[in-house]
Amino acid sequence: MKVEEVERVRELLERLGEEALIVRLDSFIALNEGLETKRGEDYIRLSILGFLEGLLLSLKMKYPGKGEIIEVYEEIKAKRVELDELFRKPAMQNIQ
């Protein structure tokens, strides 16, 4: 499964010299490969976006003031929130 945001984050990690995080990212993606038939493509995409969001949140704390990190973080967070809505159960309404 190809998630375009992964490449963008990988390039950012390369520019920052965060080789250990690139290895972690690749491992996480490898663990999720092939699961889309069991869990569904949107579910796996949501999982990956959540992982990327957490990774970028850590980078925001490590590199405060880095505009590129904040920009990518905000974009990925917005996409994750939007996709997350598909998996939320509708609120129960009072039956009267």
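Our subject is the structure listed above.
(A) The nonpolar core, seen in detail. Counting 23 residues, the largest nonpolar core has Val 9, Ile 48, Leu 52 and Leu 56 as its most contacted members. Contributions of two or more residues to this core are made by α1 (4-16), α2 (19-32), α4 (41-62) and α5 (67-84). Ranked by residues supplied to this core, first place goes to α4 with eight residues. If we ignore the near neighbours within four places in the chain, the residues touching Ile 48 are Val 3, Val 6, Phe 28 and Ile 29.

(B) Inspection of the packing of aromatic side chains at higher detail. Counting across every chain of the model gives one aromatic pair. A ring pair is formed by Phe 28 and Phe 51, whose centres lie 4.1 Å apart and whose planes are at 5°; its orientation type is stacked. Note that Phe 28 is positioned in helix α2 and Phe 51 in helix α4, a separation of 23 residues in sequence. Judged by its relative accessible area of 19%, Phe 28 is buried.

(C) Spatial organisation of the packing of α2 against α4. Look at α2 against α4: their axes get within 10 Å of each other, and the N-to-C directions meet at 165°. By the angle between their directions, the pair α2 and α4 is classed as roughly antiparallel. The two elements α2 and α4 cross, and the hand of that crossing is right-handed. Residues Leu 21, Arg 24, Leu 25, Phe 28, Ile 29 and Asn 32 of α2 pack against Ile 44, Ser 47, Ile 48, Phe 51, Leu 52, Leu 55 and Leu 59 of α4. Each residue belonging to the contact of α2 with α4 can be placed in one class, and the counts come to ten nonpolar, two polar and one charged.

(D) Summary view of the pattern of salt bridges. Counted according to the given criterion, the structure contains eleven salt bridges. The salt bridge partner of Glu 7 is Arg 10, with a shortest N-O separation of 2.6 Å. Placement of the pair is Glu 7 and Arg 10 together in helix α1, with a separation of three residues, close to one helical turn. The class for Arg 10 is buried, based on a relative accessible area of 15%. In this structure, the salt-bridge partner of Glu 18 is Lys 62, at a minimum N-O distance of 2.7 Å. Placement of Glu 18 in the loop between α1 and α2 and of Lys 62 in helix α4 is noted, with a sequence separation of 44 residues between them.

About the criteria used
Residues numbered from 1 in each chain as written. Predicted model: local features only at pLDDT ≥ 70, side-chain atom pairs only at ≥ 80, totals over all residues. Heavy atoms only, no water. Core = buried A, V, L, I, M, F, W, Y, C linked by side-chain atoms within 4.5 Å. Buried < 20%, exposed > 50% of the residue type's maximum accessible area, 1.4 Å probe, protein only. Helix = DSSP H or I, 4+ residues; strand = E, 2+ residues; numbered from the N terminus. Contact = heavy atoms within 4.5 Å. Phe/Tyr/Trp six-rings, centres within 6.5 Å; stacked < 30°, edge-to-face > 60°. Axes fitted to C-alpha atoms, helices over the stretch in contact; angles between N-to-C directions. Parallel < 35°, antiparallel > 145°, perpendicular 65-115°, else oblique. Left-handed = near helix turned anticlockwise from the far one by under 90°. Nonpolar A, V, L, I, M, F, W, Y, C, P; charged D, E, K, R; others polar. Salt bridge = Lys/Arg side-chain N within 4 Å of Asp/Glu carboxyl O.

Just geometry here; none of it tells us what the structure is for.
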